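# Fold and geometry: a report
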Amino acid sequence: MWRLNKVRHKVGRQGDSLEEFRLKRREQEKALRQARRDRQLVSKRLVVNEDEEQPEVTMDTNSGEQDVVSLYHRLQHSGLEREAHLKALSKALRDPSAQLAFIKQENSMHLLVGLLTGSDATCRLHAVRCLHELSHSPHANVAPACLPATPYLLTYLSGQSTKFTELCLYTLGNLCPDSDAVKEKLLAQGLVPALGHCMENQRHNLAVVEAVGFTLSQLLQAKDAAETIIPMVLASSLPPHLLSVLTPDPNFGLAPAIECAWCLHYLTCSYGDNTVLLAHGALSQCSSLLVSLGGAVAAGNKEEGMELLICPLLRCVGNLLSSCPLEDLGTQVGDMRLVVALCALLQAYLQSQPALARESAWVLNNLTAHSGAFCSALLTLNLVPGLIQLLPYSQGINTMILRVLANVAHKRKEFCVELAHRGLLSALCATLKMANQEMVTLSMDILLMLVVSGQQVAEEFVRHGGLSLLEAIQYNSEGAIRRRATHLLEHHLPSYSSYCSADNIPPEPTRRHQSPT
């Protein structure tokens, strides 16, 4: 989610401040952040691979309610056939109506718990698979029925069987978002420390690490996560373990890194204080990985699903930048190649994934708002012309690019001159004609910084037809924009007075076109 409240371009060098415009934009950004925060991404996951070592079951296992009831009664009295009945039950429980029929049977969960904790390892595996099928249920009353089994699922996270541990984790992850009562019970039973211990003990088993990441991400998306869950997670051993998994394993693939990156994203976007993550080097590590991924994308090496890793990494870096003290930025993000990587990601996903391109531009905005060194890097590495070419694009990309350019312009007057020489003035003449009021406002902000930086820049703007353009803007329906145009004409474009003396004074806009104050 976007967090721009702590990072913004500033335009306080000139006399007439733009606080009115900035306040309006902050309110818009606040609404945007809230909308993104409210979009829940929780989802249930079903592990469907069967135990290949088990023989095929020949009995009829259709998923009707009668089959489940029949299997339940057989399990109560079976001996040698118990394993086959359990396997059949796990398949039958894929039917939502069968799930309801099973939990309605008296002592049905007690039976499953007994088999889950018994001495037969194969029966334990099939029992946990039954619980896993139940956890995937769309019915809200199924998850609470599974609560008697959750203490044992947590205990088994320290077991030796990878397959068994994975099933326990995905079952717990499916149960987490079903209800506040289930979530609170799992937290009270020690879900967070259990996940930390599991990650520590199984850090070399990436399939289990992926399952831990899934379960934790489900938990972190609770609406009250910032108050009740995230402090527990940050105080646990989980943060450094999550960071250690970020680099994808070439043999296993991206999945564990993706799950852990999303966990880090939920931590950074939902909690105000990112000190713990910064202390663990989260900003440095995420930035370094983005540099590597940006280089790979620029070279044409787009691995399938790579955008699922790039997206949470971008959001982590953007959010952590808003929390990083300026004096620590050099050590946390000292690699100037980050701006190159962000520009590469922006260009690479512009057509196929415009939302991802916008995220890249947002991080670039937060980075340049923080640091003059990265603003300088955009100029010295000749990245500005490529950014200027993106100004015709919509979907929020062009407005974010303008903010980046405003950050550069604000840092030094010399940067303003360089921006003008690299074609920004002619680009602003185009954006000032746009119907999008935010684009016009941002363009006026930048134009003011450029023309006050030196007489030559102001004269060049006039040569580009800037006087007639500003005169036309004086008819804009937005009063604040009209006032900005008048201020530029009367105070920062000296040639305007001689132009007006030639009987070319534009008529005063009529009051019926003015916005009410």
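Residues numbered from 1 in each chain as written. Predicted model: local features only at pLDDT ≥ 70, side-chain atom pairs only at ≥ 80, totals over all residues. Heavy atoms only, no water.

### Focus: the overall build of the protein
On a plain count of helices and strands, the protein comes out with 31 helices and zero strands. Across the 517 residues in the protein, those meeting the buried criterion constitute 53%. Partitioning the intrachain contacts of the protein with sequence separation of at least 6 by distance along the chain shows that 77% fall at a separation of at least 24. Only carbon and sulfur atoms are counted for the fraction: they give 51% of the accessible area of the protein, which is about 22200 Å². (Helix = DSSP H or I, 4+ residues; strand = E, 2+ residues; numbered from the N terminus. Buried < 20%, exposed > 50% of the residue type's maximum accessible area, 1.4 Å probe, protein only. Contact = heavy atoms within 4.5 Å. Areas by Shrake-Rupley, 256 points an atom, 1.4 Å probe, with all protein chains shown as cover.)

### Quick word on helix H18 (residues 306-323)
Under the 1.5 Å per step criterion, the end-to-end length of H18 is 26 Å for 18 residues, consistent within 8% with the ideal 26 Å. Burial analysis of H18 places 15 of its 18 residues in the buried class, the great majority of the element. (Expected span 1.5 Å × (residues − 1).)

### Some details on the pattern of salt bridges
When charged atoms on two side chains of opposite charge get close, those side chains can pair. With the rule as written, the count across this model stands at 10 salt bridges. The closest approach of N and O atoms between Arg337 and Asp335, which form a salt bridge, is 2.7 Å. In this structure, Arg422 and Glu418 form a salt bridge, with 3.1 Å as the shortest nitrogen-oxygen distance. Taking the relative accessible area as the measure of exposure, Glu418 reaches 29% and is therefore partly exposed. Overlapping salt bridges bring together Arg45, Glu210 and Glu259 as one network. (Salt bridge = Lys/Arg side-chain N within 4 Å of Asp/Glu carboxyl O.)

### Brief notes about the side chain of His132
Turning to its location among the elements, His132 is positioned in helix H6 (residues 121-135). On the basis of relative accessible area, His132 is assigned to the buried category, the value being 0%. Within the local environment of His132, its side chain forms a polar contact with the backbone nitrogen of Val47, the two atoms lying 2.8 Å apart. Within the structure, His132 has its side chain in polar contact with the side chain of Thr171 (distance 3.2 Å). Excluding anything up to four places from it in sequence, His132 contacts Arg45, Leu46, Val47, Leu167, Tyr170, Thr171 and Asn174. (Polar contact = N/O pair within 3.5 Å; in protein donor to acceptor, adjacent residues only side chain to side chain.)

### What about the environment of Glu184?
As for its position among the elements, Glu184 is in helix H10 (residues 180-188). Relative accessible area serves as the criterion here: at 48%, Glu184 is assigned to the partly exposed category. The sequence separation of Glu184 and Thr228 amounts to 44 residues, and the corresponding C-alpha distance is 9.6 Å.

### Points about the packing of helix H21 (residues 354-370) against helix H24 (residues 397-411)
Two elements in contact, H21 and H24, have axes separated by 9 Å at closest approach and are oriented at 15°. With respect to each other, H21 and H24 are oriented roughly parallel. Relative to H24, H21 is oriented so that their crossing is left-handed. Where H21 abuts H24, its residues Pro354, Ala357, Arg358, Ala361, Trp362, Leu364, Asn365, Thr368 and Ala369 lie against Ile397, Met400, Ile401, Arg403, Val404, Asn407 and Lys411. Residue classes in the contact of H21 with H24 are distributed as 10 nonpolar, three polar and three charged. (Axes fitted to C-alpha atoms, helices over the stretch in contact; angles between N-to-C directions. Parallel < 35°, antiparallel > 145°, perpendicular 65-115°, else oblique. Left-handed = near helix turned anticlockwise from the far one by under 90°. Nonpolar A, V, L, I, M, F, W, Y, C, P; charged D, E, K, R; others polar.)

### Things to note about the environment of Gly386
Mapped onto the elements of the fold, Gly386 is located in helix H23 (residues 384-388). Of the residues examined, Gly386 reaches a relative accessible area of 22% and is grouped as partly exposed.

### Overview of the packing of helix H2 (residues 65-77) against helix H3 (residues 82-92)
How two helices pack is summed up by the angle between their axes together with the distance between the axes. One can describe the packing of H2 onto H3 by two numbers: an axis separation of 10 Å at closest approach and a directional angle of 155°. Between H2 and H3, the angle falls in the class roughly antiparallel. Of the two possible hands of crossing, H2 and H3 adopt the one that is left-handed. Taken together, the residues of H3 that come into contact with H2 (itself represented by Val68, Leu71, Arg74 and Leu75) are Arg82, His85, Leu86, Ala88, Leu89 and Ala92.

### Observations regarding H24
A rise of 1.5 Å per residue sets the reference length of H24, with its 15 residues, at 21 Å; its end C-alpha atoms lie 22 Å apart and thus fit the reference within 8%. Of all 15 residues that make up H24, 13 are buried, and the element is covered over most of its length.

### Remarks on unusual backbone geometry
A negative phi angle characterises most non-glycine residues, just as the trans form characterises most peptide bonds. With a phi close to 55°, Asn382 is a non-glycine residue in the positive phi region. For Asn382, the location among the structural elements is in the loop between helix H22 (372-380) and H23.

### What about the confidence of the model for the protein?
Mean pLDDT for the protein: 83, with 84% of residues reaching 70 or above. Low confidence marks residues 1-18, where pLDDT is under 50. Its contacts with residues over four positions away, or in another chain, come to 73 contacts. Low pLDDT, under 50, characterises residues 51-63; the stretch is placed with 25 contacts to residues that sit more than four places away or in other chains. (pLDDT = per-residue confidence, 0-100.)

### Overview of the side chain of Gln202
As for its placement among the helices and strands, Gln202 is situated in the loop between helix H11 (191-201) and helix H12 (206-220). Residue Gln202 is classed as buried on the basis of its relative accessible area, which comes to 13%. Beyond its immediate sequence surroundings of up to four residues, Gln202 is in contact with Gly159, Thr165, Val208 and Val209.

### Here's the deal with the environment of Val363
When you line up the elements, Val363 lands in helix H21. Val363 sits in the buried class, given a relative accessible area of 0%. Separated by 48 residues in the primary sequence, Val363 and Arg315 place their C-alpha atoms 7.5 Å from one another. Aside from chain neighbours lying at most four places away, what touches Val363 is Leu314, Val317, Gly318, Leu321 and Leu342.

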